[in-house]
Amino acid sequence: MSSLPFSRRSFLLGSSALAMSGCAYNLGERQVSPEKRASRLRLKFGVLSDIHITDWASTEIFRKTLRYFRSQRVDAVMIVGDMADHGLLCQLENVAKSWNEVFPNGKGIKGEPVEKLFVMGNHDADGLYYRDAAMDKAFAVHGFTYEAAAEQTLRKLGFAACWEKCFGEKFEPIYRKSVKGYTFIGAHWDTWEGVGGLETWFANHAAEIPTDRPFFYFQHNSPRGTVYGADSWGDDDGRSVRALSAYPNAVAFS
């Protein structure tokens, strides 16, 4: 264990205790309003994954979730991959349109900044690879063919160009953002083995990674050995665990 006053386990247990504190404080005379509890939090962010957006109608639940996050006054929203179900530009545009509808100009209810923490998953990169009858039916309903769709994939059009068009920010395979003084490191989908150059990136950016407070890492693949149960889908080859093993203050989402 490190000399830090916390570990991943203690941080997560503390987070759970904080989330559950409303139950205790609503008993007897120890009532604390949600607003007052929220004011005590240093950082609040929502986490989503696998929203698999297709047409605009498919964004209904996604937009409802974003509105809930807005009502909770989050500082950021994380989406851990598989945003565009078939990996098409028009589908990623629907993700961006939903975001801008709920958080115009990246702002919350009172104009406070809300950060986008989005990364691509295997469907964003190669969604057409998973062709089946349901995909062809979905395309037919909207009047275009599989062959036409193949010309509008994020991969064919270029991830960087599509990302900048949709979200107005530079595309970086691995990126770092700061939210209220906390570091977030996002890694876009690369291969089933994991994100290329990840360990090198961590080595080259060691000076930018805090050791005195939690930081948050997110990718679509599950870091190897971190998922409990018989059906551990999509584990990487262990490179993310190796990259993060030097940081007991890392909290990973996948």
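As a reminder, the structure under discussion sits directly above these lines.
The paragraphs below set out a description of the structure included in this document. Since this is a predicted model, take the numbers as computed values, not measurements. (Residues numbered from 1 in each chain as written. Predicted model: local features only at pLDDT ≥ 70, side-chain atom pairs only at ≥ 80, totals over all residues. Heavy atoms only, no water.)

Here the focus is the environment of Val-47. Mapping Val-47 onto the fold places it in strand β1 (residues 45-48). Considered as a pair, Val-47 and Leu-117 are 70 residues apart in the sequence and their alpha carbons are 9.1 Å apart. Discounting residues that sit within four places of it in the chain, Val-47 has contacts with Phe-69, Met-78, Val-80 and Phe-253. (Helix = DSSP H or I, 4+ residues; strand = E, 2+ residues; numbered from the N terminus. Contact = heavy atoms within 4.5 Å.)

Before going further, it helps to examine the packing of helix α4 (residues 89-102) against helix α9 (residues 159-167). Contact pair α4 / α9: the axes reach a minimum separation of 9 Å and the direction vectors enclose 30°. On the basis of the axis angle, α4 is roughly parallel to α9. Of the two possible hands of crossing, α4 and α9 adopt the one that is right-handed. Here Leu-89, Leu-92, Glu-93, Val-95 and Ala-96 of α4 lie close against α9, whose contacting residues are Cys-162, Trp-163, Lys-165, Cys-166 and Phe-167. Grouping the constituent residues of the contact of α4 with α9 by class yields 8 nonpolar, no polar and 2 charged. (Axes fitted to C-alpha atoms, helices over the stretch in contact; angles between N-to-C directions. Parallel < 35°, antiparallel > 145°, perpendicular 65-115°, else oblique. Left-handed = near helix turned anticlockwise from the far one by under 90°. Nonpolar A, V, L, I, M, F, W, Y, C, P; charged D, E, K, R; others polar.)

Now for the sheet that holds strand β7 (residues 250-253). Pairing is mixed in the open sheet, where 4 strands are placed in the order β4-β5-β6-β7. Across the chains shown, the open sheet's two edge strands, defined by having one partner strand only, are β4 (174-179) and β7. Sheet twist, expressed as the average angle between the axes of neighbouring strands with direction ignored, equals 20°. Examined bridge by bridge, β4 and strand β5 (residues 182-187) share 6 bridges and lie antiparallel to one another. Across the sheet, residue Tyr-175 finds its bridge partner in β5, namely Gly-186. (Pairing = 2+ DSSP bridges.)

Read these as spatial facts, not as claims about activity.
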